[in-house]
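Structural overview for review
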Number of protein chains: 2
Amino acid sequence: MAAAKKLGKQTVRFQTPPSIISTASIVGKKEGEGPLKNYFDKILDDAHWGEKTWEKAESKMLREAVITAVTKANLPLSKMDYIFAGDLLNQCISSNFGIRELNIPFFGLYGACSTMALSLSIAAMTIDGGFADYAVAATSSHFCSAERQFRFPLEYGGQRPQTSQWTVTGAGAVVLSNQGNGPYITHVTTGKIVDLGIKDANNMGAAMAPAAADTIYTHFEDTGFKPDDYDLIITGDLAGVGKEIVQELLGSKACDISNNFNDCGLVIFDNKSQDTHAGGSGCGCSAVVLAGYLYKEMLKGNLNKILFVATGALMSPTSSLQGESIPGIAHAVTIQNTLG
Amino acid sequence: MAAAKKLGKQTVRFQTPPSIISTASIVGKKEGEGPLKNYFDKILDDAHWGEKTWEKAESKMLREAVITAVTKANLPLSKMDYIFAGDLLNQCISSNFGIRELNIPFFGLYGACSTMALSLSIAAMTIDGGFADYAVAATSSHFCSAERQFRFPLEYGGQRPQTSQWTVTGAGAVVLSNQGNGPYITHVTTGKIVDLGIKDANNMGAAMAPAAADTIYTHFEDTGFKPDDYDLIITGDLAGVGKEIVQELLGSKACDISNNFNDCGLVIFDNKSQDTHAGGSGCGCSAVVLAGYLYKEMLKGNLNKILFVATGALMSPTSSLQGESIPGIAHAVTIQNTLG
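Summarised in this report is the structure supplied together with it. (Residues numbered from 1 in each chain as written. Chains lettered and ligands numbered in written order. Predicted model: local features only at pLDDT ≥ 70, side-chain atom pairs only at ≥ 80, totals over all residues. Heavy atoms only, no water.)

Quick word on the overall build of chain A
- Per the secondary structure count, chain A includes ten helices and 15 strands.
- Rg of the C-alpha trace for chain A: 18 Å, near the compact-globule value of 20 Å for 340 residues, within the 12% margin.
- With respect to the principal axes defined by its C-alpha atoms, chain A has extents near 55 × 50 × 35 Å.
- Counting every position in chain A, which comprises 340 residues, the buried fraction comes to 69%. (Helix = DSSP H or I, 4+ residues; strand = E, 2+ residues; numbered from the N terminus. Rg over C-alpha atoms; globule rule 2.2 N^0.38 Å. Buried < 20%, exposed > 50% of the residue type's maximum accessible area, 1.4 Å probe, protein only.)

Next comes the structure, spelled out in structure tokens:
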């Protein structure tokens, strides 16, 4: 017996597509000054949010995003069958400590900045598979904790090249259910690791772009969808450099997505006035753009069918010091307002 | 409609239980000198296995374990619908780099030393849910890379307290399928984070024990099984200190598992002659004990029904430096030779 819901090589189609029943997003000050400021549930005044460390602030953001999303769904936390979460910090401490008190069965994930699509993918599978009534998908990132861990101490004040991206301070949470009136998650295309040899940790967009192109191309092959079937195809955090590369790579395979293609790292900041170089990045980037902007535009009917493609760079400072290139991954999730 | 396969609070029962169709285990020299030496597929001569760094050696172990397991199933890698993997290293680089060339859709996980049960749980759900025909669950750890990252440089030669454990150098991979003649994964009990305030990173067994007790107790409540229904209840890497605490905690709730309870961290080394203090630990500990010893004893019929409970300590060096306690988690998987 072949798996009933497989579609092509890397895609599944849900028989009873899970519905997004609520979302929540919490962002930092800079993100709250950007073009999407009216879409977020909470904008912090500073990087610490009353905590002693940036890491604890990030944990608090994740926890409060989950609690806010579940509360908006008019449900108690105890109704959540599973939470799927991960983040960028070593050993995923912002997730682990963030959800410690929530008392929800927990599947920990690591997909770097692909985590929002990774968590949505598996959460949707547990619901359509009959294992859960409610599942939460969540992730976070924090500019200060990420810079300290991956690059330099902030106090060092190093210059950043123009290809570098600005890690979003933000946490997003999405509640899925086998009940609900949409938007629905209908398809998931799970990515493979793609590594074309980029070694520059200040050019993550270029490192992740081949994986994004691979997953998007496979998605269309597996589903038979065409780019214009979507109102929007939006990658996670390729930003300016990576987005161009994806369009080129797909163009060379006669797949033109330029009509309705954008990137979360390009919409979250106003690059002219906010000086983020290539654009935004971090797990929180695609998470808050989805939980804030995209979800609300879908509810308004301004977007009816989107392909959400979060992208991750799977290196560590240690692997880079040991001369390794940067493996990329991208997972794609189809979200649509109506079924059939 | 309530989720069809939910059982109690945290457990699912599979309708078409996935079968383990093959496993592979690769271990280091010290593990290869222990009491389970005849159960492993490969024993390495040194900590580097021809690689320049311990991290690259760990990646290679993970990759070769996956390839060996799939090859033993007489299948090409291209038949694998998904691989679920994670490890202890920052940003899970041993998994990311290990499976980079395998070209299999990849879900990255982080569950610290609970990863073998975490990966098996989700892999089994994707198969029973109809999303996959074949899925691989894998993880690894390496004494040298773990000591460097979590504790001290090996060259420092620091003394270790008697409560400390010895990180296993090893990688295990398990191939699941909707075909096959068992052993089958029939139930999964997903853990919540439990943190009773232990702060001593040299006493991980004590930190994880409350989570293990919580998951085991919930498993019996949810399923109606009794301890004596199992031939063996085996935790991941609580070792000597943690195992005693689990028995005490469960005993205080009138749940006596002492007849058939053991821990992977206690069976992998001969503690008298190999001087590992409290016992073995690391993602690789429960992975190679399952993929080597337990699976083969099940095939022989010496074990017919086991509860495999891998346990994870979800802290990082940063969280410990910031004064945090150690959150624990444990996931339980029922594996049995016959159905019904």
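Resuming the write-up.
Some details on the environment of A:Ile127
- Considering the arrangement of structural elements, one finds A:Ile127 in helix α3 (residues 115-128).
- For A:Ile127, the residues in contact, after removing those within four places along its chain, are A:Pro18, A:Ala132, A:Asp133, A:Tyr134, A:Ala135, A:Leu176, A:Ser177 and A:Asn178. (Contact = heavy atoms within 4.5 Å.)

Let's talk about the relation of the copies chain A and chain B
- Note on the identical chains: chain A maps onto chain B by a rotation of 180° and an axial translation of 0.0 Å, with an RMSD of 0.0 Å. Given the turn and translation reported, the copies of this chain are related as if by a two-fold rotation axis. (Least-squares fit on C-alpha atoms with pLDDT ≥ 70 in both.)

What to know about the pattern of salt bridges
- Under the criterion given, the structure shown has 29 salt bridges over all chains.
- Between A:Glu55 and A:Arg148 there is a salt bridge; the shortest N-O distance is 2.8 Å. Pair noted here: A:Glu55 is in helix α1 (residues 54-72) and A:Arg148 is in helix α4 (residues 143-150), with a separation of 93 residues, a long-range link.
- For A:Glu55, a relative accessible area of 6% corresponds to the buried category.
- Between B:Arg151 and B:Glu147 there is a salt bridge, with its nearest N and O atoms 3.1 Å apart.
- With a relative accessible area of 6%, B:Glu147 lands in the buried category. (Salt bridge = Lys/Arg side-chain N within 4 Å of Asp/Glu carboxyl O.)

Looking at the pairing of strand β3 (residues 19-27) of chain B
Residue and element names in this part refer to chain B.
- Among the nine residues of β3, eight are classified as buried, and the element is accordingly described as predominantly covered.
- Summarising the sheet, β3 and strand β9 (residues 170-177) pair through eight bridges and their orientation is antiparallel. Following the sheet pairing, Ser-25 is matched in β9 by Gly-172.
- Taken together, the two bridges between β3 and strand β4 (residues 42-43) define a ladder with parallel strand orientation. Of the residues in β4, the one forming a bridge with Val-27 is Ile-43. (Pairing = 2+ DSSP bridges.)

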